[in-house]
Amino acid sequence: MIAIIDYDAGNIRSVEKALQFIGEEVTVSRDRDVILAADKVVLPGVGAFGDAMQKLKDYNLINTIYDVVDKKKPFLGICLGLQLLFENSDESLGVAGLGILPGNIVKIPEKPGFKIPHIGWNSLELMNDGRLFKGVDAQSYVYFVHSYYLRAKEENVVKACTEYVAHIHASVEKDNVFGCQFHPEKSGDVGLQILKNFANL
C-alpha cells in the first residue's frame, strides 16, 4: 500500500489517480499510524514552500516524515514535495525545509524568451543509474510546472537533469529517498513507468 501525505497541497488527487491507474492500492492520509503502516510514501505538492512547511507543522507531519525515512521505507517527493526535502528555498527566506538532503532551492533566473513559471515538456538527461528511470529512454520528455529549482550539494544523488535557463537538477535519489521536480503523474507513459518503478522498489 502507498500512502500519499495529505497536507492541503495541490495535485494530491492526480497523483492518487495515476497510482491507482497502474494498479496500486493507495490511501490519502495525514494520520501518522496510517502513513507509517504503508509500504511506501509519497509527498506531492503544488504551492509555496513556506506555506507547505507550515502545513506540515500544523498537521504534525514533520516527525512522521522523518520516521518514514528512518525506517528506510521508499519515500518520493514530487514537485514542491522534492523541494521540501532540502534545506531552504529562495521562495520563503528564513523558512527551513526538512533538510533530509543537502541543497538549496533557487529561483529560475529571468531571460528574454523564457517564461517563468516554467510550464511544459522538457527532456531529461539521465545519469548515475537512477532506479526510478529503469526502462526509461534517455532524453524522454516529462512535464514541469515550477518557478524554483534544486541545486543539490551532492552531485551523485542527482539522477536526471534538464535545461531551462539554468541547469536544473530534475530528479534525485539517496538510499530510500527519491524526488522529482517534474510531475510523473502528468507525464504520459514515461511518467507512469517512473511511478511503476517506485511502486516496485
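**Student:** Describe the nonpolar core, with residues and values.
**Tutor:** In this structure, Ile-5, Tyr-7, Leu-43, Leu-56, Phe-75, Leu-84 and Phe-86 are the most contacted members of the largest nonpolar core, which totals 36 residues. Within the residue set of this core, elements represented by two or more residues are strand S1 (2–5), helix H2 (32–37), strand S3 (40–43), helix H3 (49–58), helix H4 (62–70), helix H5 (80–84), strand S10 (148–152) and strand S11 (158–164). The contacts of Leu-43, once residues within four sequence positions are left out, are Ile-5, Tyr-7, Leu-56, Ile-65, Phe-75, Leu-76, Gly-77, Ile-78, Gly-81, Leu-84 and Leu-98. Of all hydrophobic cores here, the second largest spans 28 residues; its members include Ile-22, Leu-76, Leu-132 and Val-136.

**Student:** Residue-level account of the pattern of salt bridges, with values.
**Tutor:** If you walk through the whole model with that rule in mind, you get eight salt bridges. We note a salt bridge from Arg-30 to Asp-6, for which the minimum N-O separation is 3.4 Å. Here the residue Arg-30 occupies a position in the loop between strand S2 (26–29) and H2, and Asp-6 occupies one in the loop between S1 and helix H1 (12–21), the gap between them amounting to 24 residues. By relative accessible area, Arg-30 is classed as partly exposed at 32%. Assessed through its relative accessible area of 18%, Asp-6 is described here as buried. Between Lys-174 and Glu-154 there is a salt bridge, and its shortest N-O distance comes to 3.2 Å.

Cut-offs and rules
Residues numbered from 1 in each chain as written. Predicted model: local features only at pLDDT ≥ 70, side-chain atom pairs only at ≥ 80, totals over all residues. Heavy atoms only, no water. Core = buried A, V, L, I, M, F, W, Y, C linked by side-chain atoms within 4.5 Å. Buried < 20%, exposed > 50% of the residue type's maximum accessible area, 1.4 Å probe, protein only. Helix = DSSP H or I, 4+ residues; strand = E, 2+ residues; numbered from the N terminus. Contact = heavy atoms within 4.5 Å. Salt bridge = Lys/Arg side-chain N within 4 Å of Asp/Glu carboxyl O.

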